[in-house]
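Structural overview
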Amino acid sequence: MTRSLGVCYYPEHWPEAQWPEDAARMVASGLTWVRIGEFAWSRLEPEPGKLQFDWLDRAIDVLGGAGLKVVLGTPTATPPRWMLDRHPDMLAVDALGNPRKFGSRRHYCFSHPGYLAECKRIVTLLAERYGAHPNVAAWQTDNEYGCHDTILSYSDAARAAFRDWLAQTYQSPDALNRAWGNVFWSMDYASFDQIDLPNLTVTEPNPAHVMAFRRFSSDQVVAFNRAQVDILRRHTRAPIAHNYMGRTTEFDHYAVGADLDIASWDSYPIGFLSDRLEASDAHKAAFLRQGDPDFQAFHHDLYRAVGRGRWWVMEQQPGPVNWAPYNPAPLPGMVRLWTWEAFAHGAEAVLYFRWRQAPFGQEQMHAGLLRPDSAPAPGLAEATAVARELADAPCTQSAPADVALVFDYASAWAWDTQPQGADFDYFRLCFAWYRALRRLGLNIDILPPDTADLSGRKLVLAPGLFTLPDVLRAALPSCPGTVVLGPRTNSRRPDFSIPPDLGPSLPGLDIRVARAESLPPGCRVPLANGGHFVHWAEELEGSAEVALARADGRAAMVHAGGLHYLGGWPEDDTLVALLRDLCHAQGVATLDLPPALRTRSDGESRFWFNHGAVPLDWDGQVLPPASVTRVPSV
Ligand code: GAL
């Protein structure tokens, strides 16, 4: 597989006379891909039905003529102002009932039939015109579903669509009442038309109602995306991608990804460290100009699963961004490190966001590869260096990992709905487990919850799975190694009720969760091995063999052969020790990496990433700060 670089470009932002020089500079910098068009609707159709595609024809010709491959975006994330005159009720509505007004982007409700029809119309026009264009080598649908908290909409259109969805799902109000337990607080319904969206209730709504709304909202994204993909496929053979975000769990990315050829995501390591990660002040200070050493890798591995092997970074941070509370500049070397890290995890392409910093609009302070005056910004030299390195030493391999972590979007919705403890967040839980594996120097594959085959795995981890899907349950015996489930895994039925046997209901493992407690910061449950549970601890009941005990003698982890259930959230060091032991028992070698050092092997090369601001001595080599070192795999 070839790996390549690219950039996001907005020809409509710049005078046409500038395009040829921009294109030539992109090529001279070693870039292959240029993504365009995803916000251009008002310039493609300034008035309803008045189409102006000629400038886009010329832009694609100029870029393609220079040797670049174009990724063409559908412009549906930015409906123009006139759209509101045609469809005044197309706006998304927030949980407080406020419309999300025009004046930025993503102001549409996924459930609005009129807006969906407009999207199909513009996508059809674009697909007809450019579907067979030799320079359009890939497509992107919309832009970042879910960014700016835009999946859940409490609009009239959403309510009508939700009622239809409920009627199809449950068939009768009685069945819904039974499934949701609506006898509780006299919440029974006599018809689907009585059911509202689960916002603005006096106190918390029925979690089954919320869960149904979350599933419905995710399905609306899948349907919206599929409508575009179906049109594009009729006109193009080029691969179709969507650009997902970091720590966005409001829709099922696997389900959207199933309709696409390539998963891609937008990687802003420094912005993400400051605005969406639980971490100590010391950690945030240590990685202020580098980003968290595991956050990007987690998403690389996640989106490799979403893309069934094919994935890109569609937007790579090239310098300071504008949208986090504070926006430090990357250390010299980090743009190169981030790019190589993506390739080491199997990315086919990395595109920087954006070519030239815009001197107008919301993102004036967001760096590009060029400054607003067209002089090179510091990121450009690093991108060019990677292009040269790639040409000299292509990176072609991708190896399956012995160790896998299951990640499930429905579980994120479930524990968001009823966390039971303020610190119980599903992403946080899975990320803690991922980080522990990274500290041990392991390659990790992330698996969807309906994985049917575990036969190549030595260690499979599934913490916090809301329900255990039948497919995964059936696959458990196929794992020749160790499986660890829990905490909270399979503790609910799909409609958000406690199973009759209390869960986790695992084959051959006589164990029940008799009681669970959530723990505030600073409160720890000691374990017999000197470690601790934090955030969450369960009292396990049953005859299964104890693999690890709590200090009070209760079971902390039980097992039957390779199948383990863990009844708590281990503190970070406790988790590392536990996973190290489980790995060694399976013959999986581990390392003990310092906080700034991470590694990945693609089967051919081993990459060492020093995310730190100071040099690191490791295994006889000195790894410079903010650097990647590539050596042959042993
Ligand atoms: C992304 C988005 C881009 C741009 C970028 C700025 O979330 O897709 O359009 O806004 O952030 O960092």
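Residues numbered from 1 in each chain as written. Predicted model: local features only at pLDDT ≥ 70, side-chain atom pairs only at ≥ 80, totals over all residues. Heavy atoms only, no water.

1. Some details on the side chain of Thr467
Note the following rule: Helix and strand assignments follow DSSP, with helices taken as H or I runs no shorter than four residues and strands as E runs no shorter than two, numbered in order from the N terminus. Exposed residues in this analysis have more than 50% of their type's maximum accessible area, buried residues have under 20%, and partly exposed residues fall in between, with area computed by a 1.4 Å probe over protein chains only. Contacts are assigned to residue pairs that have any heavy atoms within 4.5 Å of one another.
Structurally, the position occupied by Thr467 is in the loop between strand E11 (459-462) and helix H17 (470-475). Of the residues examined, Thr467 reaches a relative accessible area of 17% and is grouped as buried. When residues no more than four places from it in sequence are discounted, the contact partners of Thr467 are Asn490, Arg492, Arg493 and Pro494.

2. Digging into unusual backbone geometry
With an omega of 5°, the peptide bond between Phe353 and Arg354 qualifies as cis. Following Gly503, the chain continues to Pro504 via a peptide bond in cis, the omega torsion being 5°. Following the sequence through the fold, Pro504 ends up in strand E13 (residues 504-506). A positive phi angle is found at Glu144, which is not glycine, with a value near 45°. If you trace the backbone, Glu144 turns up in the loop between strand E4 (136-140) and helix H6 (156-170). Notably, Ser505 is not glycine yet its phi reads approximately 50°, a positive angle. With respect to the secondary-structure elements, Ser505 resides in strand E13.

3. A closer look at the pairing of strand E10 (residues 444-447)
How we decide: Strand pairing is assigned whenever DSSP identifies at least 2 bridges connecting the two strands.
Going residue by residue along E10, you find Ile444 and Ile446 tucked away on one face and Asp445 and Leu447 tucked away on the opposite face as well. Summarising the sheet, strand E9 (residues 403-406) and E10 pair through four bridges and their orientation is parallel. Bridge pairing in E10 links Leu405 to Ile446.

4. Re the nonpolar core
Put simply, the rule is: By convention a nonpolar core is built from buried Ala, Val, Leu, Ile, Met, Phe, Trp, Tyr and Cys residues, the set being connected through side-chain atoms within 4.5 Å.
Counting 205 residues, the largest nonpolar core has Leu72, Phe162, Leu166, Trp180 and Phe407 as its most contacted members. The element that contributes the greatest number of residues to this core is helix H8 (residues 207-235), accounting for eleven residues. Other than its neighbours up to four places away in sequence, Phe162 contacts Trp180, Ile195, Asp196, Leu197, His209, Ala212, Phe213 and Phe216. Leu593, Leu597, Trp608 and Trp618 belong to the second-largest nonpolar core, a separate cluster that totals six residues.

5. Concerning the environment of Pro480
Tracing the chain through its elements places Pro480 in the loop between H17 and strand E12 (482-485). Of the residues examined, Pro480 reaches a relative accessible area of 58% and is grouped as exposed. Each C-alpha atom of the pair Pro480 and Lys458 lies 6.4 Å from the other, and the pair is 22 residues apart in sequence. Residues in contact with Pro480, not counting those within four places in the same chain, are Leu454, Ser455, Arg457 and Gln586.

6. Observations concerning the sheet that holds strand E8 (residues 349-352)
The condition is simple: A fitted line through C-alpha atoms represents every axis, and for helices the fit uses only the stretch in contact; the resulting angles, taken between N-to-C directions, go from 0 to 180 degrees.
Spatial strand order, E1-E2-E3-E4-E5-E6-E7-E8: eight strands in a closed barrel with parallel pairing. Within this sheet the neighbouring strands show an average axis-to-axis angle of 30°, counted without direction. In terms of strand pairing, strand E5 (residues 240-244) meets strand E6 (residues 262-267) through four bridges, oriented parallel. Residue pairing for E6: Asn243 is matched across the bridge by Ser264.

7. So, the pairing of strand E3 (residues 69-73)
Of all five residues that make up E3, four are buried, and the element is covered over most of its length. In this structure, strand E2 (residues 33-36) lies alongside E3, joined through four bridges in parallel fashion. Bridge assignment links Trp33 to a residue of E3, and that residue is Lys69. Direction of pairing for E3 relative to E4: parallel, over a ladder of four bridges. When the sheet's bridge partners are listed, Val71 is paired in E4 with Ala138.

8. Considerations on the layout of surface pockets
Keep this limit in mind: Note on definitions: the grid is 1 Å and covers protein atoms alone; a cavity is a set of points where a 1.4 Å probe fits but cannot get out; a pocket is an open set with protein on both sides within 12 Å along at least five of seven lines; lining residues have an atom within 4 Å of a point. Grid points are joined across faces, edges and corners, and a volume is the space filled by probe spheres set on the points. Think of it as three bins: nonpolar holds Ala, Val, Leu, Ile, Met, Phe, Trp, Tyr, Cys and Pro, charged holds Asp, Glu, Lys and Arg, and polar takes everything else, Gly as well.
Empty space within the largest pocket amounts to approximately 1,100 Å³. Among the elements that line the lining of the largest pocket, the one with the most residues is helix H2 (residues 41-44), at three residues. For the lining of the largest pocket, a count of residues per class yields 14 nonpolar, 14 polar and 13 charged. Approximately 630 Å³ is the volume found for the second largest pocket. If you trace the second largest pocket, you find 28 residues lining it, with Glu278, Ala279, Arg428, Arg435 and Asp572 closest to the centre.

9. Some points on the sheet that holds strand E21 (residues 597-601)
The antiparallel open sheet is built from three strands, whose spatial order is E21-E22-E25. Unpaired on one side and paired on the other, E21 and strand E25 (627-632) mark the two borders of the sheet. Each adjacent strand pair in this sheet contributes to an overall mean axis angle of 20°, direction not counted. Sheet topology note: the strand E22 (residues 605-610)/E25 ladder contains six bridges and is antiparallel. Within E25, the position partnered with Ser605 by the bridge is Pro632. The strands touched by helix H13 (residues 334-344) within the sheet are E21, E22 and E25, with E22 carrying the most contacts at an inclination of about 145°.

10. Quick look at empty space enclosed by the protein
Within the structure shown, the criterion is met by three cavities of 30 Å³ or more. Considered as a void within the structure, the largest cavity measures approximately 50 Å³ in volume. If you trace the largest cavity, you find it lined by Cys109, Phe110, Ser111, Ile151, Ser153, Ala158, Phe216, Ser217 and Gln220. Partitioned by chemical class, the residues of the lining of the largest cavity number five nonpolar, four polar and no charged.

11. Let's talk about a nonpolar patch on the surface
Stated precisely, the cut-off is as follows: By definition, no residue in a patch forms a salt bridge, and every one has over 30% relative accessible area; like charges are joined within 9 Å, nonpolar side chains (Val, Leu, Ile, Met, Phe, Trp, Tyr) within 5 Å. To measure how exposed things are, a 1.4 Å probe is used in the Shrake-Rupley method; for residues, cover is taken only from the protein chains shown. When a carboxyl oxygen of Asp or Glu lies within 4 Å of a side-chain nitrogen of Lys or Arg, that pair is called a salt bridge.
A contiguous nonpolar surface patch, about 400 Å² in accessible area, is contributed by Val183, Phe184 and Trp185. Following the sequence through the fold, Phe184 ends up in the loop between helix H7 (173-180) and H8.

12. Brief notes about the pattern of salt bridges
Applying the stated criterion across every chain yields a total of 42 salt bridges. Notably, a salt bridge pairs Glu315 with Arg35, separated by 3.0 Å at the nearest N-O pair. Separated by 280 residues along the polypeptide, Glu315 in strand E7 (residues 311-316) and Arg35 in strand E2 bring together distant segments of the chain. Of the two residues, Glu315 and Arg35, neither departs from the other in class, the shared state being buried. Notably, a salt bridge pairs Arg598 with Asp294, separated by 2.6 Å at the nearest N-O pair. With Arg598 in strand E21 and Asp294 in the loop between helix H11 (281-286) and helix H12 (295-306), the pair connects residues that are 304 residues apart, well separated along the chain. On the basis of relative accessible area, Asp294 is assigned to the buried category, the value being 0%. Salt bridges here are not isolated pairs; linked through shared partners, they connect Asp292, Asp294, Glu341, Arg435, Arg438 and Arg598.

By themselves, these are just geometric observations and shouldn't be taken as functional.
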